[in-house]
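Structural overview for review
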There are 4 protein chains.
Amino acid sequence: MEINGVEIKDTYAEAFGIKVTRLLVTAATKKLALVAATEATGYGTSVIGCPAEAGVDCYVPPSETPDGRPGYVIMICNGSKKKLDHELLERIGMCILTAPTTAVFNVLDDADEELKTGFKLKFFGDGYEDETEIDGRKMHVIPIMSGDFLVESTFGYKEGVAGGNFFIIADSKMNGLVAAEVAVDAIASVPGVITPFPGGMVASGSKVGCNSYDFLDASTNEKMCISLKEQGIESDIREDAHGVFEIVIDGVDADAVSAAMKAGIEAACTVPGVLEIDAGNFGGNLGAHKINLQDLF
Amino acid sequence: MEINGVEIKDTYAEAFGIKVTRLLVTAATKKLALVAATEATGYGTSVIGCPAEAGVDCYVPPSETPDGRPGYVIMICNGSKKKLDHELLERIGMCILTAPTTAVFNVLDDADEELKTGFKLKFFGDGYEDETEIDGRKMHVIPIMSGDFLVESTFGYKEGVAGGNFFIIADSKMNGLVAAEVAVDAIASVPGVITPFPGGMVASGSKVGCNSYDFLDASTNEKMCISLKEQGIESDIREDAHGVFEIVIDGVDADAVSAAMKAGIEAACTVPGVLEIDAGNFGGNLGAHKINLQDLF
Amino acid sequence: MEINGVEIKDTYAEAFGIKVTRLLVTAATKKLALVAATEATGYGTSVIGCPAEAGVDCYVPPSETPDGRPGYVIMICNGSKKKLDHELLERIGMCILTAPTTAVFNVLDDADEELKTGFKLKFFGDGYEDETEIDGRKMHVIPIMSGDFLVESTFGYKEGVAGGNFFIIADSKMNGLVAAEVAVDAIASVPGVITPFPGGMVASGSKVGCNSYDFLDASTNEKMCISLKEQGIESDIREDAHGVFEIVIDGVDADAVSAAMKAGIEAACTVPGVLEIDAGNFGGNLGAHKINLQDLF
Amino acid sequence: MEINGVEIKDTYAEAFGIKVTRLLVTAATKKLALVAATEATGYGTSVIGCPAEAGVDCYVPPSETPDGRPGYVIMICNGSKKKLDHELLERIGMCILTAPTTAVFNVLDDADEELKTGFKLKFFGDGYEDETEIDGRKMHVIPIMSGDFLVESTFGYKEGVAGGNFFIIADSKMNGLVAAEVAVDAIASVPGVITPFPGGMVASGSKVGCNSYDFLDASTNEKMCISLKEQGIESDIREDAHGVFEIVIDGVDADAVSAAMKAGIEAACTVPGVLEIDAGNFGGNLGAHKINLQDLF
């Protein structure tokens, strides 16, 4: 199968279950909302080493937010309910409550369960906290130095999808890099997903386990390393390729992740020099989801 | 004392010791370097609730970096050597190694001790890792999907300063907010410091302890809350003020933090409506550093 | 009439007819499209002194553009057909053709007439130019150093609306400025309009004619100058106001301009310290359009 | 000659004389200064079709500006004194005076002559204008809606250099594009120069005259067009190259342009896949300046 002359391999992305929250951060200005959203979702590429997987989903204009102010939807994810509870509390408490003029709303549909994040944060008010209602939501009003911080009382979470992915194989390094940038920008228009890695792309695909050092659970995927291939080491990268980048996607469900993969792949295939779209899997026995590339189109 | 008609109060900022690292992240492009630097320093406002205090110090043009590529200096800080070691490893390994085309160099002068972060990261190479020298530095070369990731073998840390601060008291909320933005931008030109909170400013000053709930170690500083003052609750905010913002600064030493406070205060005082510059302290018994506001000028 | 406690004055914006074009600029990446769009719409605040009124309307994701690449819609406007023809030719030829990887499509609905801009630009190809069709559009393919520049053969224009406007009257300078920023960001989500002034806002409202110097056709509107009011000079600004900013909007028709005014005013009214929304007019005899503020809601 | 394995051709850039102004635009915030600077320098790639060549030179932190506020230096250039006078007046009057909180200072050293731009603009004040002195400079104070606009009375110009240039020849399109981006970012750290084309780079090199159409003075340089080469048409591009981009530089003098070319070339040569650096000239008889590539190093 080809799109715009680019081969779409007959393979699948193997993705995993993860607990997902989805919050709307509003502020007095669009810029202030983005500043808070960015701080709250940093250090959040993969739960392999980060305390959460987190990222910015989309911008919401003032006319569509509960408080009429500009906002950004963010997602914070973790496989463990306990860790997710902690991350939500600290990322909101330390990175959004501390940012000027912000408010936080729960915008996850169809939650499995709820976390009492807002309820816990209200005690910071030391007795001066209050309650109000916005758009039918119970909000805690916490007085802070610069004004009042408003936070919804509870935040839902649900079983979502982590690790949706595809590889961009290109004839040069920067043809591949630009295609990855284009894919990430295209995915940004799909609601309900994030690309949690830096700039949305992963420069370092890994394999399970490690052959040389038994103290490591994961290590570089040497058969997909472009510089090893160029040194003549046995490789799974096609002969004419000199650039390989991976896009990783987390989403509220498999449909959202599939829509993101489709949008990203179609956009990547507009960049000259992209040769092939591949995907990462582990034989199909590890992850709960298999998303076949060719079935997306 | 007055600057441009703004009262500089006769008080001091009480600051604390913290272990500080200072890294240079380079990449193929300025934008890619910033993307990695931003991801690696997110979720890093205060060690009260974040796993580190972290931020971007400054941009370094290609002509001044060891590898001739554009870069950003970042700082990652923690009071505990063990936690700092962990944070450095994970923030570099998960947020910079995973970003396309990056390299990381140690740029802290006068280190007290060293962390073997690069040495530890090299095992990700699963036996394919190599070594090289750049600018007299020992670098590990780790093959990853998109090319090679280069990281210096060791990173120094030293006892620096956390919690340098000043308050901007203004006659309106946004006069204060804009002054805070201006101060943060001015501080960005001072080397050796970061403003770790979102957008560099703190909207929520806190006090030690909590009067209403004994399970909290810190809570809102009700005497500096603008909305409580406007409700008639006893306040330390002057009568004519309607906007209060705090700037918090971490730095490699007290001189750097003092220079940042000076630059930030002078810049804030150019904004119309700023009434007074104050500072936060805890009676002088908690922190290792007292930085007197009036002595800065 | 009040919105969120802000008085909406019972007055109208007086707007004018202007010839409007609407183009889609696509490129390999979102960033490259924005760079070209920004260059092509600079030096375009008002035809009083600029060769055109121009600005960025909105972003269009890859899935919705004719060539599947990211793009920005821009508008270029002038009262004279001849001048508009010249501006389109030079702004596309000098600022978009010269930018890497771009293409330009006509996206104006219901054009009154057409300009042969693409047809004229093709001769730059010196005989090597070609033709193709994208999405049913006739495109000229002009070989340039970095690849091929594609431009639609003709661009429509129609009689649109210039000078839709409102004033934000606030209790402090920066409360007003932030409200103006918020209004501009909100207007950005309304299709078919631009806010051509720097950052979308006008710091310098003018009046027709000049009392002191007969060689000037326009001069500062002294009755709306905040610093003159504070010096005690007779003013139309209310006593408690210390910040005044104007938003000016051009659009494809009166409905688009009205929708933009509505979105901008509602967003501005979420900012604390905004006192009043006013509008600029010249007695109603100069402009073809009167847009009443209170009728918007 | 080679840099980092990239061939530096034994050729020269042929550059031209142009009249150059250099202005500092300050504002309440860094962002507002950049907004005004960007608007005032748009539609300014080449005097072949634009009314001026213009761009942003560099950022100046508050501690180094005459009014203690953040600022950006911009350059506006034209070969004709009369046109330069007009452009300065309109670009300042329409794009900076209209932007909130701005002031404009003359920062050209060693001017040949002066333009009375500030003096002319002051009449917009309709008799309410005033004068003041900042840092020994005579400033006009013009009351506008949002406050006072301050502009230096006169602006110097001098005979500078236009059209300093180099070509980046790369093995793929995006390797070349990324190298061009890197070069432009590196040049941004060199004072006294601008890269006036969109994003600093030129996608469309031209030749003098036109073979097929006698009504054109300039046309595409078919021997440097990558897509024509790939179609088998006779080309000056080397066989293994698939990406060609030009950087064009204007500066206050030949030394500044040379420093910019050096910084840009060195940075471009760090990007993998760059094969060769070339330069554009017209046989040496048209331009006043010849800058030899190899002499830069």
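Residues numbered from 1 in each chain as written. Chains lettered and ligands numbered in written order. Predicted model: local features only at pLDDT ≥ 70, side-chain atom pairs only at ≥ 80, totals over all residues. Heavy atoms only, no water.

Another aspect to go through is the overall build of chain A. Helix and strand counts for chain A come out as six helices and 18 strands. C-alpha atoms of chain A, sized along the principal axes, occupy 65 × 45 × 30 Å. Relative to its 297 residues, chain A shows a buried fraction of 66%. As displayed, chain A has an accessible area near 10,100 Å², and 46% of this comes from carbon and sulfur atoms. Placing the 23 positive and 45 negative side-chain charges of chain A at their respective mean positions leaves the two points 4 Å apart. (Helix = DSSP H or I, 4+ residues; strand = E, 2+ residues; numbered from the N terminus. Buried < 20%, exposed > 50% of the residue type's maximum accessible area, 1.4 Å probe, protein only. Areas by Shrake-Rupley, 256 points an atom, 1.4 Å probe, with all protein chains shown as cover. Lys, Arg positive; Asp, Glu negative; His and termini not counted. Charge placed at Lys NZ, Arg CZ, Asp CG, Glu CD.)

It is worth spelling out the interface of chain B and chain A at this point. Of the residues lining the interface, 75 residues belong to chain B; the matching set on chain A comes to 75 residues. Broken down residue by residue, the surface that chain B buries against chain A is led by Tyr43, Asp126 and Met145 of chain B, which jointly contribute 16%. Where chain B touches chain A, the interface holds four salt bridges. On the surface where chain B and chain A come into contact, there are 34 residue pairs in polar contact (both at pLDDT 80 or more). Taken together, the residues of the side of chain B that touches chain A sort by class into 39 nonpolar, 23 polar and 13 charged. (Contact = heavy atoms within 4.5 Å. Buried area = accessible area lost by both parts, 1.4 Å probe. Salt bridge = Lys/Arg side-chain N within 4 Å of Asp/Glu carboxyl O. Polar contact = N/O pair within 3.5 Å; in protein donor to acceptor, adjacent residues only side chain to side chain. Nonpolar A, V, L, I, M, F, W, Y, C, P; charged D, E, K, R; others polar.)

All right, on to the relation of the copies chain C and chain D then. Overlaying chain C with chain D gives an RMSD of 0.0 Å, the required rotation being 180° about an axis along which the chain moves by 0.0 Å. Both copies are brought into coincidence by an operation consistent with a two-fold rotation axis. Relative to the rotation axis, the closest C-alpha in chain C is found at glycine 42 of chain C, a distance of 1.9 Å. Both copies present the same face, since 100% of the interface residues in chain C are matched by interface residues at the equivalent positions in chain D. (Least-squares fit on C-alpha atoms with pLDDT ≥ 70 in both.)

Time to look at a negative patch on the surface. Taken together, Asp109, Asp110, Asp112, Asp253 and Asp255 of chain B make up a surface patch of like negative charges. One can find aspartate 109 of chain B in the loop between β6 (103-106) and β7 (113-115). (Patch = residues over 30% accessible without salt bridge, like charges linked within 9 Å, V, L, I, M, F, W, Y side chains within 5 Å.)

Superposing chain B onto chain A takes a rotation of 180° plus a shift of 0.0 Å along the axis, which leaves an RMSD of 0.0 Å. Both copies share a contact surface, since 100% of the interface residues of chain B are interface residues in chain A too.

One pass over the structure, following the stated rule, counts 24 aromatic pairs over all chains. Ring geometry for phenylalanine 123 of chain C and phenylalanine 215 of chain D: centres 5.3 Å apart, planes at 80°, overall edge-to-face. A residue pair is termed interchain when its members come from two chains, as with phenylalanine 123 of chain C in the loop between α3 (117-121) and β8 (130-134) and phenylalanine 215 of chain D in the loop between β14 (206-208) and β15 (218-220). Given a relative accessible area of 15%, phenylalanine 123 of chain C falls into the buried group. Seen in terms of ring centroids, tyrosine 213 of chain D and phenylalanine 215 of chain D are 5.8 Å apart; in terms of plane orientation they differ by 35°. Their pairing is tilted. We classify tyrosine 213 of chain D as buried; its relative accessible area is 17%. On the accessibility criterion, phenylalanine 215 of chain D (53% relative accessible area) is exposed. Put simply, the rings of Phe119 and Phe123 of chain A together with Tyr213 and Phe215 of chain B touch in pairs and so form one group of aromatic residues. Above the face of the tyrosine 43 of chain A ring, arginine 91 of chain B is positioned so that its terminal group lies 3.9 Å from the ring centre. (Phe/Tyr/Trp six-rings, centres within 6.5 Å; stacked < 30°, edge-to-face > 60°. Lys NZ or Arg CZ within 6 Å of the ring centre and 35° of its normal.)

Residue and element names in this part refer to chain B. With 15 residues, helix α2 (residues 81-95) extends 20 Å from end C-alpha to end C-alpha; this agrees with the ideal 21 Å at 1.5 Å per step. Those residues of α2 that fall on the buried side of the exposure criterion are Leu84, Asp85, Glu87, Leu88, Glu90, Arg91, Ile92, Gly93, Met94 and Cys95. At the N-terminal end of α2, a side-chain oxygen is found 3.3 Å from the backbone nitrogen of lysine 82, two or three residues along, and the residue is serine 80. (Expected span 1.5 Å × (residues − 1).)

Residues and elements named next belong to chain B. Following the criterion strictly, the structure yields one cavity of 30 Å³ or more and no others. For the largest cavity, the calculated volume is near 30 Å³. Lining the largest cavity we find Ile169, Met224, Asp236, Ile237, Arg238, Glu276 and Asp278. Residue composition of the lining of the largest cavity, by class: three nonpolar, no polar and four charged. (1 Å grid on protein atoms, 1.4 Å probe; cavity = no way out; pocket = protein on both sides within 12 Å on 5 of 7 lines; lining within 4 Å. Points joined across faces, edges and corners; volume = space filled by probe spheres on them.)

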